[in-house]
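An overview of the molecular structure
One-letter residues, chain by chain:
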Amino acid sequence: MDFIGRLIELARDNVEAGGRPFACLIVRDGAILVEAVNLVAQTHDPTAHAEICAIREASARLGTEDFRGCEFYILAHPCPMCLAAMYYCGPDRVTFVATREDYAPFYADDRRYFTLASFYDEIARPWPERLLPMVHEPDDAALDVYRLWRERNASG
């Protein structure tokens, strides 16, 4: 099957339907397990990127967050949110078609605290230096929640 051709078709159809130009396929055993498109414009959910939508559906179908044996096909190099999500589920491989530099003349998604060009640099900054204001409010009781988790999930 032509996975890249199908990916491009999904993204094109999404744009024609008023969505954004991104799509994702998750492939397992040589067959498409999940197809997804970016639904941010349609749902007003900023996390509804194609990769995130695909991961949610595939996790439900597979009954696991472990994607060994799966491959992702995505239209564009992933944003940090989607990249992190793919690291968490650990597929065998990710194939992307367009770089940010490739599509930059045609598509911009600049936000309050970042642009696509600055996003990776912004995320890499130490948290006190990020443009998004972040405040650390330590409370030792928060660690009790993690202790409880360890107690309930200790092996042995």
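See the structure printed just above.
This section reports on the structure supplied with the text.

A few points about the overall build of the protein chain
Helix and strand content of the protein chain: seven helices and four strands. From first element to last, N terminus to C terminus, the protein chain shows the α and β order α-β-β-α-α-β-α-β-α-α-α. Once the C-alpha set of the protein chain is aligned to its principal axes, its extents read approximately 50 × 40 × 25 Å. Out of the 156 residues belonging to the protein chain, those deemed buried represent 33%. For the protein chain, contacts bridging at least 24 residues in sequence account for 44% of all contacts bridging at least 6. Accessible surface computed for the protein chain: about 10300 Å², of which carbon and sulfur atoms make up 55%. The distance from the centre of the 16 positive side-chain charges to the centre of the 25 negative ones in the protein chain is 2 Å.

Observations concerning the packing of aromatic side chains
The full count for this structure, using the stated rule, is six aromatic pairs. Ring geometry for Phe-114 versus Phe-119: centroids 3.8 Å apart, planes at 15 degrees, classification stacked. Each member of the pair Phe-114 and Phe-119 is classed as buried. Chaining the aromatic ring pairs together yields one cluster made of Phe-22, Tyr-103 and Tyr-107.

What about unusual backbone geometry?
Although it is not a glycine, Asp-29 sits at a positive phi angle of roughly 55 degrees. Along the chain, Asp-29 falls in the loop between strand E1 (23-28) and strand E2 (31-37). A relative accessible area of 74% means that Asp-29 is categorised as exposed. One non-glycine residue with positive phi stands out, namely His-44, at about 60 degrees. Mapping His-44 onto the fold places it in the loop between helix H2 (40-43) and helix H3 (50-62).

Here is what the cut-offs are and how they apply
- Residues numbered from 1 in each chain as written.
- Predicted model: local features only at pLDDT ≥ 70, side-chain atom pairs only at ≥ 80, totals over all residues.
- Heavy atoms only, no water.
- Helix = DSSP H or I, 4+ residues; strand = E, 2+ residues; numbered from the N terminus.
- Buried < 20%, exposed > 50% of the residue type's maximum accessible area, 1.4 Å probe, protein only.
- Contact = heavy atoms within 4.5 Å.
- Areas by Shrake-Rupley, 256 points an atom, 1.4 Å probe, with all protein chains shown as cover.
- Lys, Arg positive; Asp, Glu negative; His and termini not counted.
- Charge placed at Lys NZ, Arg CZ, Asp CG, Glu CD.
- Phe/Tyr/Trp six-rings, centres within 6.5 Å; stacked < 30°, edge-to-face > 60°.

Everything listed here is a matter of coordinates, which is why it stays silent on function.
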